[in-house]
Amino acid sequence: MQEVYMQCPFCFNITTDVKDSRVSQDKETVRRRRSCESCKSKFTTYEKIQLRELIVIKKSGAKKIFDRDKIYTSIATALRKRNVEEQQINNITDDITRELKSSTATEIPTKKIGELIMQKLESIDQVAYIRFASVYRDFNTAKDFAKFIGKIK
Ligand SMILES: [Zn+2]
């Protein structure tokens, strides 16, 4: 079949055979099944047109263009005076941005972004995690908050 260059993730050979190409339902993604000519390993690649910006859907339903700086600011605010270097905050922000942009979804609810930030903070700094959660989770009562804190070990 047709030859399209894509490095094999197993042996790093650059010639792979495309066995099958399929266009997704929304016609925006092409999925290709490939087979390495050298080691015969099979893997899948996705090709996607990068036209639209990532859209963030707020709780109110309002849509906004994804803004990396907002994620950075949220994380930096939660980590204020927590002795975490700016570089690390940048790294987390990049991780989250990459994760969001590599998903096939083009519209992301703020809830999903909030969960990702919580996940990262939880592993870095428990105080920052609680700070962020107290804003983001919007606890209605002190009891809800206490329950949440109780879950943290
Ligand atoms: Zn290979």
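Residues numbered from 1 in each chain as written. Predicted model: local features only at pLDDT ≥ 70, side-chain atom pairs only at ≥ 80, totals over all residues. Heavy atoms only, no water.

**Remarks on the environment of I117**
Next, step 1: Note that I117 resides in helix α3 (residues 110-124).
Next, step 2: Note: C-alpha distance between I117 and I149 (32 residues apart in sequence) is 17 Å. (Helix = DSSP H or I, 4+ residues; strand = E, 2+ residues; numbered from the N terminus.)

**Focus: the side chain of S35**
Next, step 1: Among the structural elements, S35 can be located in strand β2 (residues 29-36).
Next, step 2: Among residues more than four places away in sequence, those in contact with S35 are T16, D17, K19, K40, S41 and K42. (Contact = heavy atoms within 4.5 Å.)

**Some thoughts on the nonpolar core**
Next, step 1: By size, the foremost hydrophobic cluster in this structure holds 23 residues, and its most contacted members are I71, I75, I96, L100, I117 and L121.
Next, step 2: Of all the secondary-structure elements, those providing two or more residues to this core are α1 (68-78), α2 (86-102), α3 and α4 (126-136).
Next, step 3: Per-element tally for this core: the top contributor is α3, with five residues.
Next, step 4: In contact with L121, not counting residues within four places along its chain, are I75, A78, L79, Q126, A128, Y129 and F132. (Core = buried A, V, L, I, M, F, W, Y, C linked by side-chain atoms within 4.5 Å. Buried < 20%, exposed > 50% of the residue type's maximum accessible area, 1.4 Å probe, protein only.)

**A few points about the coordination of the zinc ion**
Next, step 1: Coordination sphere of the zinc ion, protein contribution only: C8 (SG), C11 (SG), C36 (SG) and C39 (SG), at 2.3 to 2.4 Å.
Next, step 2: One can describe the site at the zinc ion as tetrahedral: its four donor atoms subtend angles covering 105 to 113° at the metal.
Next, step 3: Taken in sequence order, the residues that donate to the zinc ion follow the motif C-x2-C-x24-C-x2-C. Separated by 31 residues along the polypeptide, C8 in the segment before β1 (16-23) and C39 in the loop between β2 and β3 (42-48) bring together distant segments of the chain.
Next, step 4: Judged by relative accessible area, which is 1%, C8 ranks as buried. (Donors = N, O, S within 2.8 Å, 3.2 Å for Na, K, Ca; no water. Tetrahedral: all angles 85-135°; square planar, octahedral: opposite > 155°, others 65-115°.)

**Details of the environment of I124**
Next, step 1: When you line up the elements, I124 lands in helix α3.
Next, step 2: On the accessibility criterion, I124 (28% relative accessible area) is partly exposed.
Next, step 3: Leaving out residues up to four positions away in the same chain, I124 has contacts with V84, Q88 and I92.

**Some thoughts on the environment of Q126**
Next, step 1: Tracing the backbone through its elements, the reader meets Q126 in helix α4.
Next, step 2: Judged by relative accessible area, which is 31%, Q126 ranks as partly exposed.
Next, step 3: When the C-alpha atoms of Q126 and I152 are compared, they prove to be 8.4 Å apart, with 26 residues separating the residues in sequence.
Next, step 4: Among the polar contacts made by the side chain of Q126, one reaches the main-chain carbonyl oxygen of E122 at a distance of 3.1 Å. (Polar contact = N/O pair within 3.5 Å; in protein donor to acceptor, adjacent residues only side chain to side chain.)

**Let's talk about the packing of α1 against α3**
Next, step 1: In the contact formed by α1 and α3, the axes pass within 11 Å of each other and the chain directions differ by 40°. Taken together, the axis directions place α1 and α3 in an arrangement best described as oblique. Of the two possible hands of crossing, α1 and α3 adopt the one that is right-handed. Contact residues: I71, S74, I75 and A78 in α1; I113, I117 and L121 in α3.
Next, step 2: Residues belonging to the contact of α1 with α3 are distributed by class as follows: six nonpolar, one polar and no charged. (Axes fitted to C-alpha atoms, helices over the stretch in contact; angles between N-to-C directions. Parallel < 35°, antiparallel > 145°, perpendicular 65-115°, else oblique. Left-handed = near helix turned anticlockwise from the far one by under 90°. Nonpolar A, V, L, I, M, F, W, Y, C, P; charged D, E, K, R; others polar.)

Note that every value here comes from positions in space, so none of it alone points to a role or purpose.
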